[in-house]
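Residue-level listing of the chains:
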Amino acid sequence: MSSASVPKKHVLIVSGEPRILAEIKIELMAFFNISIAATSELALNAFELNEVAAVVICIGENRDNAFSIFNGIFDYVNSKNIPIIFLAEKGNDDDETIAFAMGAVDYSTRRRGTVNALSNRINLRINASEYERRILAGETAPNSFDKAAPEKILFGKTILVVEDVEINREIIAAMLSDIEGLTVDEAANGKEAVEKFKKNPELYSLILMDVNMPVMDGLESTRIIRSLDCANARDVPIIALTATTNEAEIEQCLKAGMHDYLEKPMPYDKFLVLAAEHCAP
């Protein structure tokens, strides 16, 4: 299916500052259908008119205004399990703490020139929310790939998923749970991944490695694994999971010793192709 045939998701951008609304709308309209709202009343109206997949709340100079708008729409958003993403003009640890305490799924500082990264973050949260709803409803994750060949190759294999966000690990594990005979192990950061690999280096047939993580990032943990004097250290396939698939970051991943990369949100079909390719005997 071509990307042109896939309908765009609808994203609501909320801010009390018209300049920010206009700028973010222009940046994201190539990726999503966009509505904007400067008040909680207008935001609630947008929910009535559109099937909103995510809400981006922009924190500008008037931070109290942004949180006030969020308070006005929280009950509706929470009842519909719509992901809330806070986007700050200037990062603030207190604001980040408040945002997550109020139910946000993401908080980031706006960086001009990184529109693709922002759209990927939004898509990641939309897909995470959709997978979570399906999992809670007892449904299996959808895929359109003829997975007979990859399943045969991945049978009996163990994959290490390294990702600092717990819900993301759970979603990836749920996505892979349909692959018969595949075992998924998890690590919350690069340091934990290195420790797990050291304990049993021949256990893992593939490592999915998030790039940006606290404690130890994916680049450093990959370099350490490659430097270990043990079986499989130089050969185990390591695939980067990255939200910013620009050439510079991809080059960093490859130089660190990764074999390949997958953009976030992780495309299931592409994962199957790469996993089968790298795990084939």
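Visitor: Now, about the pattern of salt bridges: what can you tell me, with residues and values included?
Guide: Scanning the entire structure with this criterion turns up eight salt bridges. In this structure, Glu-186 and Arg-169 form a salt bridge, with 3.4 Å as the shortest nitrogen-oxygen distance. Taken together, the residues Glu-186 in strand 7 (residues 183-187) and Arg-169 in helix 7 (residues 166-176) connect sequence positions 17 residues apart. A relative accessible area of 28% means that Glu-186 is categorised as partly exposed. For Arg-169, a relative accessible area of 12% translates into the label buried.

Visitor: Outline the sheet that holds strand 9 (residues 238-242), listing residues and values.
Guide: Pairing within the open sheet is parallel, and its five strands lie in the order 7-6-8-9-10. Both outer strands of the open sheet, strand 7 and strand 10 (260-263), are each paired with one neighbouring strand and no more. Strand-to-strand twist in this sheet, taken as the mean axis angle between neighbours without regard to direction, amounts to 25 degrees. Examined bridge by bridge, strand 6 (residues 158-162) and strand 7 share five bridges and lie parallel to one another. Residue pairing for strand 7: Val-161 is matched across the bridge by Glu-186. Each of strand 6, strand 7, strand 8 (206-210) and strand 9 is contacted by helix 7, which is oriented at about 170 degrees to strand 7, the strand it contacts most. Strands in contact with helix 9 (residues 218-227) are strand 8 and strand 9; relative to strand 8, the strand with the most contacts, it is inclined by about 150 degrees.

Visitor: Now, about the nonpolar core: what can you tell me, with residues and values included?
Guide: Ranked by size, the top nonpolar core spans 24 residues in total, and within it Leu-12, Phe-47, Val-55, Ile-57, Ile-84 and Phe-86 carry the most contacts. Elements represented by at least two residues in this core include exactly strand 1 (10-14), helix 2 (40-49), strand 3 (52-59), helix 3 (63-80) and strand 4 (84-88). At six residues, helix 3 tops the list of elements feeding residues into this core. With 22 residues, the next largest nonpolar core counts Leu-160, Leu-219, Leu-228 and Ala-240 among its residues.

Visitor: Summarise the packing of aromatic side chains; cite the residues concerned and give the values.
Guide: For any pair of aromatic rings, geometry is given as the distance between the ring centres together with the angle between the planes. In this structure the tally under the stated criterion is five aromatic pairs. Plain terms: the ring middles of Phe-31 and Phe-32 are 6.5 Å apart, the flat faces sit at 50 degrees to each other, and that makes the pair tilted. Here a set of aromatic residues connected by ring pairs shows up, and it is made of Phe-67, Phe-70, Phe-74 and Phe-86.

Visitor: Describe the packing of helix 9 against helix 10 (residues 247-256), listing the residues and the values that go with them.
Guide: In contact at an axis separation of 8 Å, helix 9 and helix 10 are set at 20 degrees when each is read in the N-to-C sense. By the criterion of interaxial angle, the relationship of helix 9 to helix 10 is roughly parallel. Along its contact with helix 9, which presents Leu-219, Thr-222, Arg-223 and Arg-226, the element helix 10 presents Gln-252, Cys-253 and Ala-256.

Visitor: Tell me about the pairing of strand 6, residues and numbers included.
Guide: Within strand 6, five of the five residues are buried, which leaves it mostly tucked inside the rest of the structure. Along strand 6, one buried face is formed by Thr-158, Leu-160 and Val-162 and the opposite face, lined by Ile-159 and Val-161, is buried too. This β-α-β element, strand 6 to helix 7 to strand 7, shows right-handed connectivity. Direction of pairing for strand 6 relative to strand 8: parallel, over a ladder of four bridges. Paired with Leu-160 across the two strands is Ile-207, which belongs to strand 8.

Visitor: Requested: an account of the pairing of strand 8, with residues and values cited.
Guide: For strand 8, the buried fraction is high: five of the five residues fall into the buried class. Every second residue of strand 8 is oriented toward a common face, with Leu-206, Leu-208 and Asp-210 on one face and Ile-207 and Met-209 on the other, all of them buried. Relative to strand 9, strand 8 is paired through four bridges, and the arrangement is parallel. Residue Met-209 lies in a different strand from strand 9, and its bridge partner there is Ala-240. Running through helix 9, the crossover from strand 8 to the neighbouring parallel element strand 9 is right-handed.

The rules behind these values
Residues numbered from 1 in each chain as written. Predicted model: local features only at pLDDT ≥ 70, side-chain atom pairs only at ≥ 80, totals over all residues. Heavy atoms only, no water. Salt bridge = Lys/Arg side-chain N within 4 Å of Asp/Glu carboxyl O. Helix = DSSP H or I, 4+ residues; strand = E, 2+ residues; numbered from the N terminus. Buried < 20%, exposed > 50% of the residue type's maximum accessible area, 1.4 Å probe, protein only. Pairing = 2+ DSSP bridges. Axes fitted to C-alpha atoms, helices over the stretch in contact; angles between N-to-C directions. Contact = heavy atoms within 4.5 Å. Core = buried A, V, L, I, M, F, W, Y, C linked by side-chain atoms within 4.5 Å. Phe/Tyr/Trp six-rings, centres within 6.5 Å; stacked < 30°, edge-to-face > 60°. Parallel < 35°, antiparallel > 145°, perpendicular 65-115°, else oblique. Right-handed = clockwise from strand over helix to strand, strands pointing away.

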